[in-house]
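Structural features, examined
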Amino acid sequence: MNHLSDLLLGRLGRDALPFWEMLKDPTTSSIINGIIATGAAAMVILGALVVAGLLTWYGKWKILWRDWLTSPDHKKIGIMFIIIAMVMLLRAVIEAAIMRAQQALGLGGGFLSPEHFGQLFTTHGTIMIFFMAMPFLTGVINHVMPLQIGARDLSFPVMNTVSLGLTAAGAALVMVSLVLAPFSTGGWSGYPPFTESAVNPGAGVDYWIWAVTLSTLSSTLTGINFAVTIYKKRTRGMNLMRMPLFCWVSLCTAILMIFGMPPLTVATALLALDRYLDFHFFTADLGGNMMNYINLFWAFGHPEVYILILPAFGIYSEIFANFSGKQLYGYTTLVIATMAIAVLSFTVWLHHFFTMGQSAHVNAVFGIATMLIGIPTGVKIYDWMLTMYRGRVRFSIPMVYALGFLMLFTLGGLSGIILATPSVDYQVHNSLFLVAHFHNMLIPGLLFGMLAAYNYWFPKAFGFRLEERWGYRAAFSWIIGFMLAFFPLYALGLLGMPRRTVTFFTPAYLPWTLAAGLGALVILFAVYCLIMQLWQSVRLRQENATPIGDPWDGRSLEWATPAPPPEYNFPVLPEVYSHDPFTEQKSGGRAYQRPERYADITMPANTAMGVITAVTGFLMAFGLTWYMWWLVIASGAVALIAVIARGYARNTTRVIPAAEVQRTHERWLDDVARTTPVTRDHEHTRANRGLAVPPEQGAIQ
Amino acid sequence: MSTQPSRHPGLNLGEPHAEAHSANEEFVFGFWVFMMSDFIIFGLLFATYATMLGGQAGGPGPDELFELRGAFIETMLLLVSSFTFGMASLALKYREDRKWLIIWLLISLVLGVAFIGHELLDFHRMFDKGGVPSRSGFLSAFFALVPLHGLHVTAACIWLIALLGQIAVHGLDHGVKISLTRLAILWHFLDIVWIGIFSLVYLGGLA
Amino acid sequence: MSHRELSAARARERATELKSYITGFILALVLTLIPFGLLAFTQLSRMALFCTIGLCALLQVVVHFRFFLHITLARNKREDLQLILFTTLILAIMCGGTLWILFNLYTRMLPGMIP
Ligand code: HEM
Ligand SMILES: [Cu+2]
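First, a word on scope: everything that follows refers to the structure included in this document.

Cut-offs and rules
Residues numbered from 1 in each chain as written. Chains lettered and ligands numbered in written order. Predicted model: local features only at pLDDT ≥ 70, side-chain atom pairs only at ≥ 80, totals over all residues. Heavy atoms only, no water. Contact = heavy atoms within 4.5 Å. Buried area = accessible area lost by both parts, 1.4 Å probe. Salt bridge = Lys/Arg side-chain N within 4 Å of Asp/Glu carboxyl O. Polar contact = N/O pair within 3.5 Å; in protein donor to acceptor, adjacent residues only side chain to side chain. Helix = DSSP H or I, 4+ residues; strand = E, 2+ residues; numbered from the N terminus. Nonpolar A, V, L, I, M, F, W, Y, C, P; charged D, E, K, R; others polar. Core = buried A, V, L, I, M, F, W, Y, C linked by side-chain atoms within 4.5 Å. Buried < 20%, exposed > 50% of the residue type's maximum accessible area, 1.4 Å probe, protein only. Domains from an automatic or database assignment.

Next up on the list: the interface of chain B and chain C. Contacts between the two partners involve 57 residues from chain B and, on the opposite side, 54 residues from chain C. Regarding the contact of chain B and chain C, the summed buried area is about 5300 Å², with carbon and sulfur atoms giving 74% of it. The interface formed by chain B and chain C holds two salt bridges in total. The partner of Lys93(B) in a salt bridge is Glu13(C), and the shortest N-O contact between them spans 3.0 Å. Our count for the chain B to chain C interface comes out at eight residue pairs in polar contact (both at pLDDT 80 or more). Looking at the side of chain B that touches chain C, the elements that each hand over two or more residues are α1 (18-52), α3 (68-94) and α6 (174-206) of chain B. Considering each element in turn, the side of chain B that touches chain C owes the most residues, 15 residues, to α3(B).

If you want it as structure tokens, here you go:
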């Protein structure tokens, strides 16, 4: 009997339950930690049950399967990526708030056990990077980039569903680790030898390894897909230098994914070999060398931070141009700067381990390379400011995020230059100064960008604008909350408080940790505002509908389609003659025209490959984590068979007849004719149905 | 060489295969990008191997474990299979001759399988001499790098078998042609990686 | 399946492409035999051996790209060529950097790890 359960369940036992410790050994500390952990697990289970219940109640399972899970449509896949990102964001912010609360109360104690705190910062970091930021930016690029270059879909739609499946599997693994605990305590960077089995034999590190590996594979495939799409699928006349800047950053992001993800794949794979097959890459004995891991990890880690930042740069570029009613200033310099950043980002990884012991001249070389990145970034900041200069700036919600970014990101960049000086870094390395620095880059630079994109493109994706009162509240709370929560950490770092500290004994830290705790509360309020905004928007979706699809007087091709766009995006692929093609069409009176003739459109047919990937990927990772070898073999076999069988499939496309395309398009054109266009002054009113008054000549430079 | 400009790496099928030829531009390019990403993985494993050379921890080293003969045989098997795969591509392109195509593919497959078999034999010999991955950092690095290449070859062989099945079911339709073009690239690519392995690991280790 | 007769132009194209594979094969063979032969049958110094092995390997990589994968410098508008060059750059940065950093660390802290 015992033998059988070992075979079936591997090393999964009762002690994996989050309340086991508390029942076995009830002390105040174990009870508090147990209650928090059990509450989190309950929320996961409850959340899953509620979603399943709602789907059943409203009878939506079939629609979910047909229109979403098996859909190869890049727009829907993008939306699903973003949904994953938002759910994970919610969890990671709550964890961050708990950590802030712990440190606010942490003088000589606090309420969390070190073990629990370790899991919190590990999951928070891992989720924020791999399951919030990556899916979010992948989703936005997925949704927008093909529309902007005038394509019907990505180059490899089926691979796109596979990417989504891999990310979903990884995210699910991290969620399940709340119910069948624990997760790793090794931080998002998972440094050995702490993460080796000699020190950490449990399942936690294995959860981390497989979740991260799934995400990495997903991003590599995504990067390939984006790059090939941009190279091969641009519409007629859309040469590279006519692409919107967002497509340029997508290309550079894709290149960074293609070349930046492999080092992490190698690092986690070698760590897994150490842990599972007794290899000696990073062990402290038998010729292992943990410095190799640190080197590999950051050879990924630095390109990664530019994967995170670049898409937001593109988003802000679109937003600054659009809400200033002007062409983007310095397009060419922005393109060059983006490419320079992409290449330079491969040359600086050592700045994450200045203190590892290499010679001063090695540090100096990488320090200087790091500072060089400030130059192209500075170019961008000036270009954005000059885009606004003498424009008719509209302070819409995306613009609020963008302006917040412009100021805060510059500050964060300056603290980065400070850290790039090796001798200074020796002082503040591994302190909260660093934590302040990278949040100062990531929250304005990544999160605000994503939220701005969400507000900006939401009407395109769903056909109605997001509610604005709660939207402004959210934006301002994010900015204020961020400043309150993270500026104190600069001071704490300089006072010498190390990162990942659960308790401290220096009373001088207390005022600062309290202030940061207050900031976390404001951030929680911001998240609440975001939820309210979404809720109100759905409620008011009729009033705020923008079915014509151009609510902001947009400049690029995505605004030339209905909202939401049909699955084939364009009834006839457009031809492009300049930058800002849609603005040009509108001012030349050539927008919303009937094409001479319609043709059949071939689109990829639905496929279950994404779902199969998600299920087998999750089960395989789960089996590996808990040593359920039968599960690993079974799911691996199913995945292999599915891939081979897919090769035999033919007729994987679906033809949409010209007549149907024509009918849909003409219905929309009739709507256009019936709709009253609005000026920018009425952009935020209910009169905005998504049709803009053609721009006066004066507004365009 | 060919009169038309080349659209993608590897042998271009050309106009007579219009449908596959134009689809290939995107498919093969995508696969090529994937290969480059894989190249980085191998490159980093090579670099890691070089940094672990000194981590022998008193265990057996290259001199005791590697044999020139085995490495040479494996090199020849792969090189010849690269050539025969090239012949298969030509048979596909010019005559659409199923018989010769399948013969060349089968020869390549046999050579590939022989390579894997011989490599396994080599590993077995190393194990007998105490060269197991858990012995030292150096051996760990060896057994991450070289078997990863072997795994790739295995995957390529499985793909080839699956494609032979597809030929049986669908004939030489454009789906098969696209896959064959990509598999050819993988096959040649693996031979390139092997150049690195026999040069750095085996020859470098024995020099 | 169809056993088409080749037009003269196609036949010529086929001949050149066949020649390309054969040339590539012979060159690769020579570039393999040289280092193996030197190692097996001569007493060159280690340094000389390393250099020839490295050189032959580099040349052979180029041969494979040129004759088996049909990548040439001549044809313009080639994303795949740009990609190889970019990959080479990244490989050089990452691998070169790794070796530089780690061996520098070894000289300072772990002299035992230097082979
Ligand atoms: C929403 C507001 C956020 C708050 C309040 C917050 C708070 C925190 C806290 C308290 C820590 C632990 C610091 C320590 O080591 O003592 C932390 C770590 C971290 N955070 Fe955040 N964070 C936020 C958003 C983000 C975002 C948006 C990202 C990335 C996209 C991010 C990525 C990370 C990473 C990578 C770590 C390091 C984890 C580790 O030490 O391994 N955080 N954060
Ligand atoms: Cu960095």
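Across the boundary between the two partners, chain A contributes 29 residues, which contact 37 residues of chain B. Summing both sides of the interface, chain A and chain B together bury roughly 2800 Å²; the carbon and sulfur share of this comes to 72%. Among the residues of chain A in contact with chain B, Lys232(A), Tyr648(A) and Arg650(A) are the three that bury the most area, contributing 23% of the side total. Across the contact surface, chain A and chain B share three salt bridges. The shortest N-O distance in the salt bridge between Asp173(B) and Arg650(A) comes to 2.6 Å. Where chain A touches chain B, the interface holds 14 residue pairs in polar contact (both at pLDDT 80 or more). Those elements giving two or more residues to the side of chain A that touches chain B turn out to be α8 (204-232), α9 (245-277), α10 (290-324) and α20 (629-648) of chain A. Looking at the side of chain A that touches chain B element by element, the count peaks at eight residues for α9(A). The class makeup of the residues in the side of chain A that touches chain B is 17 nonpolar, eight polar and four charged.

Ranked by size, the top nonpolar core spans 280 residues in total, and within it Val140(A), Tyr401(A), Trp478(A), Phe622(A) and Phe142(B) carry the most contacts. A total of 21 residues in this core trace back to one element, the largest contributor, which is α10(A). When we break this core down by domain, the ones giving at least three residues each are domain 1 (1-70) and domain 2 (73-115) of chain C. In contact with Phe142(B), other than residues within four places in its own chain, are Tyr49(B), Phe66(B), Phe123(B), Met126(B), Pro147(B), Val201(B) and Tyr202(B). Core analysis: the second largest hydrophobic core is formed by 14 residues, Phe83(B), Tyr94(B), Phe25(C) and Phe68(C) among them.

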